[in-house]
Amino acid sequence: MYNFTKIEKKWQKRWEENKTFSVNEDLNKKKFYALVEFPYPSGHGLHVGHVKAYTGLEVLSRKRRMEGYNVLFPIGFDAFGLPTENYAIKNKLHPRMVAENNIAMFLSQIKRIGYSFDYERLFSTTDESYYKWTQWIFLKLYEKGLAFRSKTLVNYCPSCKVVLSNEDSQNGKCDICHNQVIQKEKEVWYLRITEYAEKLLEGLNDLECSSSIKLQQENWIGKSVGAFVDFKVENDKLKVYTTRPDTLFGVTFMVIAPEHDIIEKYKDKISNIEEIYKYKDITKKKTEFERINLTKEKTGIKIEGISAINPINNKEIPIYVADYVMMGYGTGAIMAVPAHDTRDYEFAKKFNIEIIKVIESETDEIFDGDGKHINSDFINDLNNEEAINKMIDYLEKNKIGEKGIQYKIKDWAFNRQRYWGEPIPIVHCDSCGHVPVPYEDLPIKLPEVENYEPGKNGESPLASISSFVNCKCPKCGKDAKRETDTMPQWAGSSWYYLRYTDPRNDKELASKDKLNYWLPVDCYNGGMEHVTRHLIYSRFWHRFLYDNGLVPYKEPYLKRTNQGLILGPDGEKMSKSKGNVVDPMDIVEGFGADTLRLFILFLGEYGMDSVWNDESIKGISRFLDKIYNMKDKIINSEEYTKSLENKINKTIKKVTFDIEDAKYNTAISELMILSNEYSKLDNITSKDYITLIKLLNPFAPHLTEEVNEMLGYKEIAYSNWPEYDESKMIDDTYEMIIQINGKIRGKETISTNTSKEEMERIAKENVNVKKYLEDSIIQKVIVIQNKIVNIVIKYK
RNA sequence: GCUCGUAUGGCGGAAUUGGUAGACGCGAUAGACUCAAAAUCUAUUUCUUGAAAGAGAGUUUCGGUUCAAGUCCGAAUACGAGCACCA
């Protein structure tokens, strides 16, 4: 085996010393901005998933540089966050130290794999010079009313002692420690992402990505179109939201969420108020997770003493309280149509409520499909869509309702009651209220302290540091207190790709010129797990910055790709508890970085999950060895070997396009095929060899630079990508396939562009085919030039 | 429950977008080299049958469209992912 360790370290050192991959803006060159999700530097070092994520765009970046692009391929670290802090607390270390150590380890591993990142632009979200601008963006959001405080029920993780956003507590579990999340009433910071729901949805049109990425984001935003309808309750209007206003004639009851304020308002009139309070109490104790999962059995209580009037027919209907209606969506009250809604149906069955059919169907059970309306006065005989439109018209004309749009996305709970995050730059003043820190006072630095363990009662540890908390109000100058919550993990990663364009700027988050030059990100690769969090958050921030003239383009990313997971050798997701985690650095040690890079891309289709299989590493290692040993067979010539010219040109084309399409596995196999062709020869011209070496360079940069240098050529990193010549790729002959009734019965080698008539004639002359034709009648002959002849016959 | 994705030899996976299924790699078998092993090289390798030419079957299952289907359409099964009482 060739001495990969020596060769790889040699080239890594050279790249570092020469700053080979550092870029500057160059208006004469076409730019290409390739972005990988920057890592969270955990204590475990690089994971094979990181390697897969980075190697894909690494290959593309190296190729694009050779093609003459000015390539920005940056890396940084997303180092604020709970895991670091928890680890620090456990081991009695300072989080900053833990983060710094982890970053150093990550960086040395990343460099050892030979990635062509621009290390000159490196930063961490924990750098004061970076989070200054994270705070700056927060102040802008605050200024525009998009950051606000609100006292509501929040998702709270009792184990991490933090408030979590909706995105971070999916399935009722804390995303960090996986413990059960509880609901707690607390005044916290929110970002008004809901105001951007429509823009985020619309922006998806400009994003090139797989349909599943798009769909997931669409579902997360969760737009629905329907109507608000006002029901009369006593002297009040009780507003409901429905996507099915066409079923208004089938409403037989109403349901409100237990937290709905109409209960308080009419508590004197409600005769069973005690019972309802009790129900409300029970609901409160259930987590949202439980409420959602108790789908089998509906619970609820009829409110005695008040009732509602259906505005469409003035029918009096009962009102129920039930926890299957949520306060957080729509108006917290619904009109129930048991005949055409599953949940209402279940509830009506249990409580024996009348069911009125308003859409014709064969079933007597619930029906939620499209159909002819009945029992519905002026919308009878219409189908759903027509009925909905006509009903909305009617509601608006009679001022009893209006068209409405709702989104499932909720405002972003933007706070953590923890030490290791960006301080929120707000001051609380008794006379002025919430006062933003003046821009020139940024950054509000994290104080260096001894004790950063979470405080009691869900307070940030910063709250107990008086030197941090006590300050003067920037507005009136009186004594005031600093906000002690910090920003959530996702803050720093919401705009890092902007900072890469101008990472050392201390006047603005990045200069206009540089943003103009580099943006948008041409290709952003990352994991599927970030589609509904990071991707939505960063698109939101970006769109906000755009709306305020701070960035030049609406959307941050032109194209998003995602790599599939690498599963453990057992086919299961890698995890420490299962003991199936593979350390990529073991492969680097045993086989070299080049082998690791090739191997990971060769596992399978890039966007799909693939299973780790040590066995096939050998194949890659053999391949690279062969390439290395081939250097001894080289004869000096600037011509392709005549017999290989066709194959070489085809390979250049195939590899060129495969890399663009992220089909790295087939690109590698194509290179193997070509190298197998070379192996058969006694001599290889230097032109043949160098062409293969250059095509292989983005995948295996160390080995290829080494042999290239041995032959005395200039560094591949500074040379050009091979070009192909279509005219050299034309085959003189090809193998024509002859089918009888669609089954292959013969093959004939004939010259390219043989006429259809001639093809048919040759086909019929084929010895094997003749046998079939003897006892049959030809019904039809299909001839596809340069491909196939299919003779359709019938036996006599 | 809803939405989306996937299913191809012993294994990882290819397939010009409807036109030779199984490229490439692993593994396996046989041979060469070697005292021997490793490494390397050479040949074979979807299954059945046949000495061979060939024949039959074959891309999860069932059905359809087509001269022609791994590829398109309909249904089913399994696995995976996302959302989940969203009115």
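Before reading further, recall that the structure is shown in the block above.
Computed from a predicted structure; not experimentally measured. (Residues numbered from 1 in each chain as written. Chains lettered and ligands numbered in written order. Predicted model: local features only at pLDDT ≥ 70, side-chain atom pairs only at ≥ 80, totals over all residues. Heavy atoms only, no water.)

A word on the sheet that holds strand 2 (residues 70-72). Spatially, 2-1-18-19 is the arrangement adopted by the four strands of the open sheet, whose pairing is parallel. Each end of this open sheet is capped by a strand with a single partner; those strands are strand 2 and strand 19 (560-562). Each strand of the sheet is rotated relative to its neighbour by a mean of 20 degrees, with strand direction disregarded. As paired elements, strand 1 (residues 31-36) and strand 2 share three bridges and run parallel to each other. Along strand 2, the bridge assignment pairs Lys31 with Asn70. (Pairing = 2+ DSSP bridges. Helix = DSSP H or I, 4+ residues; strand = E, 2+ residues; numbered from the N terminus. Axes fitted to C-alpha atoms, helices over the stretch in contact; angles between N-to-C directions.)

Another point: the pairing of strand 11 (residues 333-336). Burial along strand 11 is two-sided: Ala333 and Met335 facing one way and Ile334 and Ala336 facing the other are all buried. Taken together, the four bridges between strand 8 (residues 253-256) and strand 11 define a ladder with antiparallel strand orientation. Of the residues in strand 11, the one forming a bridge with Met254 is Met335. (Buried < 20%, exposed > 50% of the residue type's maximum accessible area, 1.4 Å probe, protein only.)

Below, the discussion takes up the packing of aromatic side chains. Applying the stated criterion across every chain yields a total of 47 aromatic pairs. When the centroid spacing of 5.2 Å and the interplanar angle of 65 degrees are considered together, the rings of Tyr497 and Tyr557 count as edge-to-face. Within this pair, whereas Tyr497 is found in helix 14 (residues 496-499), its partner Tyr557 is found in the loop between helix 16 (534-547) and strand 19, the two being separated by 60 residues in sequence. Overall, Tyr497 belongs to the buried group, its relative accessible area being 0%. You can call Tyr557 buried: its relative accessible area is 2%. Every member of this aromatic cluster is reached through a ring pair, and the members are Phe138, Tyr142, Trp189, Tyr196, Trp412, Phe414, Trp490, Tyr537, Phe540 and Trp541. Stacked on the ring of Tyr119, the Lys or Arg Lys111 has its end atom at 4.9 Å from the ring centre. The ring of Phe148 carries Arg192 above its face, with NZ or CZ at 4.0 Å from the centroid. (Phe/Tyr/Trp six-rings, centres within 6.5 Å; stacked < 30°, edge-to-face > 60°. Lys NZ or Arg CZ within 6 Å of the ring centre and 35° of its normal.)

Right, let's get into the nonpolar core. If you look at the biggest cluster of nonpolar residues, it comprises 163 residues, and the most contacted ones within it are Trp541, Trp612 and Phe699. Excluding residues within four positions of it along the chain, Trp541 makes contact with Thr134, Ile137, Leu141, Leu191, Trp412, Phe414, Ala491, Ser494 and Trp495. Judged by nonpolar contacts, the second largest core, of 52 residues, contains Val251, Ile263, Ile306 and Leu382. (Core = buried A, V, L, I, M, F, W, Y, C linked by side-chain atoms within 4.5 Å. Contact = heavy atoms within 4.5 Å.)

Let's shift gears to the environment of Leu603. Here Leu603 shows up in the loop between helix 18 (593-602) and strand 21 (610-611). Along the chain, Leu603 and Ile319 lie 284 residues apart, while their C-alpha atoms are 60 Å from each other. Setting aside its immediate chain neighbours within four residues, Leu603 contacts Ile566, Ser610, Val611, Trp612 and Asn613.

Moving on, we get to the side chain of Thr55. By the element assignment, Thr55 lies in helix 2 (residues 48-66). Here Val51 takes part through its backbone oxygen, which lies 2.5 Å from a polar atom of the side chain of Thr55. For Thr55, the residues in contact, after removing those within four places along its chain, are Tyr115, Arg597 and Leu601. (Polar contact = N/O pair within 3.5 Å; in protein donor to acceptor, adjacent residues only side chain to side chain.)

A few words on the packing of helix 18 against helix 19 (residues 617-629). Running from N to C, helix 18 and helix 19 point in directions that differ by 125 degrees, and their axes come no closer than 9 Å. It follows from the interaxial angle that helix 18 and helix 19 lie oblique. As helix 18 runs across helix 19, the sense of the crossing is right-handed. Contact with helix 18, carried on its side by Asp594, Thr595, Leu598, Phe599 and Phe602, involves Ile617, Ile620, Ser621, Phe623 and Leu624 of helix 19 and no other residues of that element. Considered class by class, the residues forming the contact of helix 18 with helix 19 number seven nonpolar, two polar and one charged. (Parallel < 35°, antiparallel > 145°, perpendicular 65-115°, else oblique. Left-handed = near helix turned anticlockwise from the far one by under 90°. Nonpolar A, V, L, I, M, F, W, Y, C, P; charged D, E, K, R; others polar.)

This paragraph deals with the packing of helix 17 (residues 584-591) against helix 18. At a minimum axis separation of 7 Å, helix 17 and helix 18 run at an interaxial angle of 125 degrees. Classed by the angle they form, the pair helix 17 and helix 18 counts as oblique. Along the contact surface, helix 17 presents Pro584, Ile587, Val588 and Phe591, while helix 18 presents Ala593, Thr595 and Leu596. Residues of the contact of helix 17 with helix 18, tallied by class, amount to six nonpolar, one polar and no charged.

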